[in-house]
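Structural characterization, general
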Amino acid sequence: MIPSSFREGVKAAIPIWIAYVSTSLTLGIAAEAYGLHVGEIILMSALVFAGPAQFAALEPLASGKPAFQILLTTFIINLRFLVMSAAIVPYFGRVRRAVLVLSSQLISISTFIIPYVHFRKQSGEMTRAEGNEEWRKKNFQYFFGVALTSYSVWVVGAAVGYWAALHVPPGYEEALKFMFPGYFACILTAELKGRVPILICLLSFLAATPGALASPEWGWLMAALAIGTLGWEMERWIQRTPR
């Protein structure tokens, strides 16, 4: 019998499915445009399960960039999942370590934030007498319902997107590549709040070309790391400054 907590997680994941359908379809279409095989994009979606990292890897893979460079880029992008995993695991209680390790593959921004907010809300309403261990067990079932179904939608969506790209009329293949910058443009626009993000955006624009000219292989990555570090330091400085 399927636990009720798992079913609750499945219901809570429906908004994630809706968001993942469009994004994963776009990923599959873009992957075909960049020359990947259907097995490669399915395997990438299953192993990486992170839209920004997968989109960022498409162009370097297609242009034959060094494998270490691609791995380093996606590793840096996905470092946030380490923090998310550490934040959510205390809510799971005595789950076997092997199960936790395998479940960490299902962590994404969406599959983290919905269970995490749910657990925080419940923990504030609980008393110590309500059986913490049983509650934590249900928490893991809830997370698994959210994460497993969302993960499946993501992988299947990427495969369907690739199939759809095979049926695009001739002459439109190059236009599909604009889905990649368009995806990041949407993310960037949502984050442009305040002076610091806008300044970082302008600095990135100015540094991209000199970085690529200085080193066609590593310049863009070094420029991104430099601007990202500068932006982080600016944010820290602003937070310390008395208002």
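Quick note: structure is the one above.
Values in this document were obtained by computation on a predicted structure and should not be read as measured data. (Residues numbered from 1 in each chain as written. Predicted model: local features only at pLDDT ≥ 70, side-chain atom pairs only at ≥ 80, totals over all residues. Heavy atoms only, no water.)

**A look at the overall build of the protein**
Just so we agree on the cut-off: Helix and strand assignments come from DSSP, with helices taken as H or I runs of at least 4 residues and strands as E runs of at least 2, each series counted from the N terminus. Only protein chains enter the area calculation, which uses a 1.4 Å probe; residues under 20% of their type maximum are buried, those over 50% are exposed, and those in between are partly exposed. Contacts were defined at the residue level, with two residues in contact if any of their heavy atoms lie within 4.5 Å.
When helices and strands are tallied, the protein shows 13 helices and zero strands. Walking the protein from its N terminus toward its C terminus, one meets helices and strands in the order α-α-α-α-α-α-α-α-α-α-α-α-α. Every one of the 243 residues in the protein was classed for burial, and the buried ones make up 35%. Here the analysis covers contacts within the protein between residues at least 6 apart in sequence; of these, 81% occur between residues at least 24 apart.

**A few points about the packing of helix α1 (residues 4-12) against helix α2 (residues 14-33)**
The condition is simple: To obtain an axis, a line is fitted to C-alpha atoms, over the contacting stretch when the element is a helix, and the angle between two such axes runs from 0 to 180 degrees between their N-to-C directions. An angle below 35 degrees is treated as roughly parallel, one above 145 as roughly antiparallel, one from 65 to 115 as roughly perpendicular, and anything else as oblique. Basically, the charged four are Asp, Glu, Lys and Arg, the nonpolar ten are Ala, Val, Leu, Ile, Met, Phe, Trp, Tyr, Cys and Pro, and anything else, Gly included, counts as polar.
With their axes 4 Å apart at the nearest point, α1 and α2 run at an angle of 40° to one another. Between α1 and α2, the crossing angle belongs to the class labelled oblique. Facing Val10, Lys11 and Ala12 of α1, the residues of α2 in contact are Ile14, Pro15 and Trp17. Of the residues belonging to the contact of α1 with α2, the class tally is five nonpolar, no polar and one charged.

**Some details on the environment of phenylalanine 140**
Looking at the element boundaries, phenylalanine 140 is found in helix α9 (residues 132-165). Phenylalanine 140 gets classed as buried once you look at its relative accessible area, which sits at 11%. A C-alpha to C-alpha distance of 9.1 Å links phenylalanine 140 and proline 115, two positions 25 residues apart in sequence. Setting aside anything within four residues of it in sequence, one finds phenylalanine 140 in contact with Phe92, Val95, Val99, Leu100 and Ser103.

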